[in-house]
Amino acid sequence: MQFSFFDALGSILASSGFASFAEDPRSLIMIIIACVLLYMGIGKKFEPLLLVPIAFGMLLANLPLTGMLNAPVDGSSPGMLWVFYQGVQHAIYPSIIFLGIGAMTDFGPLIARPSSLLLGAAAQLGIFSAFLLALALGFPGAVAAAIAIIGGADGPTSILVASRLASDYLPAIAIAAYSYMALIPLIQPPLMRLLTTKKEREVKMEQLRQVSKTEKIIFPIAVAIIVILLIPDTAPLIGMLMLGNLLRECGVTDRLSDTAQNALCNIVTIFLGLSVGCKAIASTFLTWETIKIIILGLIAFVFSTVGGLLFGKVMYKLTGGKVNPLIGSAGVSAVPMAARVSQVEGQKANPANFLLMHAMGPNVAGVIGSAVAAGFILKVFGA
């Protein structure tokens, strides 16, 4: 049989991924979307640590014929991305990210001012508002609940809930959550200036009391016991968050705390991003539902910020003007970005203002609040 270079080349091209684009061009559209997200992460620095691996996971998942998403069948080896996704499916990656967050975060401001918990709770308004709107738009209850958790401004929590209740919508929910977290410095300040007066923004708060080492050690243990006993479904997130904080504060596990904050968290972030991205395939992502989720996510985020600010104004009144309402916007759980935005806006109104540590109390309360809300949602809508 005579060998023909052109016949061989034609055979290769006919069985290649390029030929698959002619059969279903939607995969090519998804690759373009992945490249746009890569540009946003690298060029515009929108949450690059997660958006870059998410976008690259999306890119890999939509390259035809790779088999990277194949589940094991009759003893065959599964695809690499299918294996990675099991860490999301079984709540491993989001929980480890919470371990890192706990190790990075000082809970002292929350312990010094327990009333910050109320601000964190008020900032969950967006979750319940978005849930009702999602139901009104025709989403099933479980999917509406998964979308609503975007309002907590907590990426790992959004991923955990979506993986359990609405896995087909996981990429859209995760991308919306992390995109709006990255846009906090743009979204929150106009709302803060709209809902507060100049006099309120100028309030200079008194320095927080010094929190003892004993309090910082007891706090994560007590919270883990009480919250998990109350809502057992919060165990993966609250348990790892409090363990991370205990490693930070107990004074005898510095190496473990450092690993949780840095190496471990960074490694898991790569796997988490790839796992989320690999679910963004054309059949489930290129739908009107995705657009609705993006819009609902923004509404949820706005309502959460508004809820925190309005309750901040209530506390301003109840304390005779001793609480600056701006710290209420930090009740969303984007740590520490939301607290920094409160600090920046406070200093614009009063250069002598230093709100960062005061805002960290509601910020930490928001992390706990979003985890509790997630546990409640999983309890109600989970299988």
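Residues numbered from 1 in each chain as written. Predicted model: local features only at pLDDT ≥ 70, side-chain atom pairs only at ≥ 80, totals over all residues. Heavy atoms only, no water.

## Brief notes about the nonpolar core
- Phe139, Ile147, Ile150, Ile159, Met242 and Leu272 are the most contacted members of the largest nonpolar core, which has 112 residues in total.
- Looking at this core, the element that brings in the most residues is helix H22 (residues 356-381), giving eleven residues. (Core = buried A, V, L, I, M, F, W, Y, C linked by side-chain atoms within 4.5 Å. Buried < 20%, exposed > 50% of the residue type's maximum accessible area, 1.4 Å probe, protein only. Helix = DSSP H or I, 4+ residues; strand = E, 2+ residues; numbered from the N terminus.)

## What about unusual backbone geometry?
- Each neighbour pair has its own omega, and for Val335 with Pro336 the value is -10°, a cis peptide bond.
- Relative to the elements of secondary structure, Pro336 occurs in the loop between helix H20 (288-318) and helix H21 (337-349).
- Even without glycine at this site, Lys45 takes up a positive phi of about 60°.
- Mapped onto the secondary structure, Lys45 falls in the loop between helix H3 (26-42) and helix H4 (48-61).
- Under the relative-accessibility criterion, Lys45 is labelled exposed at 60%.

## Quick word on the environment of Ile270
- Within the fold, Ile270 resides in helix H18 (residues 263-277).
- Measuring from C-alpha to C-alpha, the distance between Ile270 and Gly151 comes to 24 Å, with 119 residues separating the pair along the chain.

## Regarding the packing of H3 against H4
- Here H3 crosses H4 at 165°, and the two axes come no closer than 8 Å. Taken as axis vectors, H3 and H4 run roughly antiparallel relative to one another. Note that H3 runs across H4; the crossing there is left-handed. Residue-level contacts link Met30, Ile31, Ile33, Ala34, Leu37, Leu38, Met40, Gly41 and Ile42 of H3 to Pro48, Leu51, Val52, Ala55, Phe56, Met58 and Leu59 of H4.
- Of the residues belonging to the contact of H3 with H4, the class tally is 15 nonpolar, one polar and no charged. (Axes fitted to C-alpha atoms, helices over the stretch in contact; angles between N-to-C directions. Parallel < 35°, antiparallel > 145°, perpendicular 65-115°, else oblique. Left-handed = near helix turned anticlockwise from the far one by under 90°. Contact = heavy atoms within 4.5 Å. Nonpolar A, V, L, I, M, F, W, Y, C, P; charged D, E, K, R; others polar.)

## Some thoughts on the state of the cysteines
- Inspection of the entire model under this criterion finds zero disulfides.
- No disulfide involves Cys250; its sulfur sits 18 Å from that of Cys265, the nearest cysteine. (Disulfide = S-S within 2.5 Å.)

## Examining a nonpolar patch on the surface
- Side chains of Ile221, Ile225, Ile226 and Leu229 sit close together on the surface and give an oily, nonpolar patch of about 420 Å² of accessible area.
- If you trace the backbone, Leu229 turns up in helix H15 (residues 213-230). (Patch = residues over 30% accessible without salt bridge, like charges linked within 9 Å, V, L, I, M, F, W, Y side chains within 5 Å. Areas by Shrake-Rupley, 256 points an atom, 1.4 Å probe, with all protein chains shown as cover. Salt bridge = Lys/Arg side-chain N within 4 Å of Asp/Glu carboxyl O.)

## Topic: the environment of Asn353
- Mapping Asn353 onto the fold places it in the loop between H21 and H22.
- Placed 144 residues apart in sequence, Asn353 and Arg209 show a C-alpha to C-alpha distance of 17 Å.
- When near neighbours in sequence (up to four residues on either side) are disregarded, Asn353 contacts Arg201, Glu202, Val203, Lys204, Met205, Asn324, Gln343, Gly346 and Gln347.
- Here the side chain of Asn353 touches Val203 through a polar contact of 3.2 Å, landing on its backbone oxygen. (Polar contact = N/O pair within 3.5 Å; in protein donor to acceptor, adjacent residues only side chain to side chain.)

## Re H4
- Across its 14 residues, H4 extends 19 Å between first and last C-alpha, which sits within 8% of the 20 Å expected from 1.5 Å per residue.
- Summarising burial for H4: ten of the 14 residues are buried, a large majority.
- Along H4, the residues classified as buried are Leu50, Leu51, Pro53, Ile54, Ala55, Gly57, Met58, Leu59, Leu60 and Ala61. (Expected span 1.5 Å × (residues − 1).)

## Here we look at the environment of Cys35
- For Cys35, the position within the fold is in helix H3.
- The partly exposed category is assigned to Cys35, whose relative accessible area is 43%.

## Points about helix H11 (residues 155-165)
- With ten of its eleven residues buried, H11 lies for the most part within the structure.
- Restricting attention to buried positions, one finds in H11 the residues Gly155, Pro156, Thr157, Ser158, Ile159, Leu160, Val161, Ala162, Ser163 and Leu165.

## Some details on the packing of aromatic side chains
- Applying the stated criterion across every chain yields a total of five aromatic pairs.
- Measuring from centroid to centroid gives 5.7 Å for Phe131 and Phe381, while their planes differ by 55°, and the two rings are tilted. Linking Phe131 in helix H9 (residues 125-136) with Phe381 in helix H22, this pair joins segments that are 250 residues apart in sequence.
- The exposure class of Phe381 is partly exposed, given its relative accessible area of 29%. (Phe/Tyr/Trp six-rings, centres within 6.5 Å; stacked < 30°, edge-to-face > 60°.)

## Some words on the packing of helix H12 (residues 170-182) against H20
- Put simply, H12 and H20 touch, their axes get as near as 9 Å, and they point 35° apart. Where H12 crosses over H20, the handedness of that crossing is right-handed. Side by side, H12 and H20 meet where Ala172, Ile173, Ala176 and Tyr180 of the first sit next to Thr290, Ile293, Ile294, Ile295, Gly297, Leu298 and Phe301 of the second.
- For the contact of H12 with H20, the per-class residue count stands at nine nonpolar, two polar and no charged.

## Some remarks on the pattern of salt bridges
- Here the structure, examined in full by the defined rule, presents seven salt bridges.
- Put simply, Asp106 and Lys216 hold a salt bridge, and the shortest N to O gap is 3.3 Å. Of the two residues, Asp106 sits in the loop between helix H6 (92-104) and helix H7 (108-112) while Lys216 sits in helix H15, which places them 110 residues apart along the sequence.
- By relative accessible area, which is 19% here, Lys216 ends up buried.
- Where salt bridges share partners, they join Arg193, Glu345 and Lys348 into one cluster.

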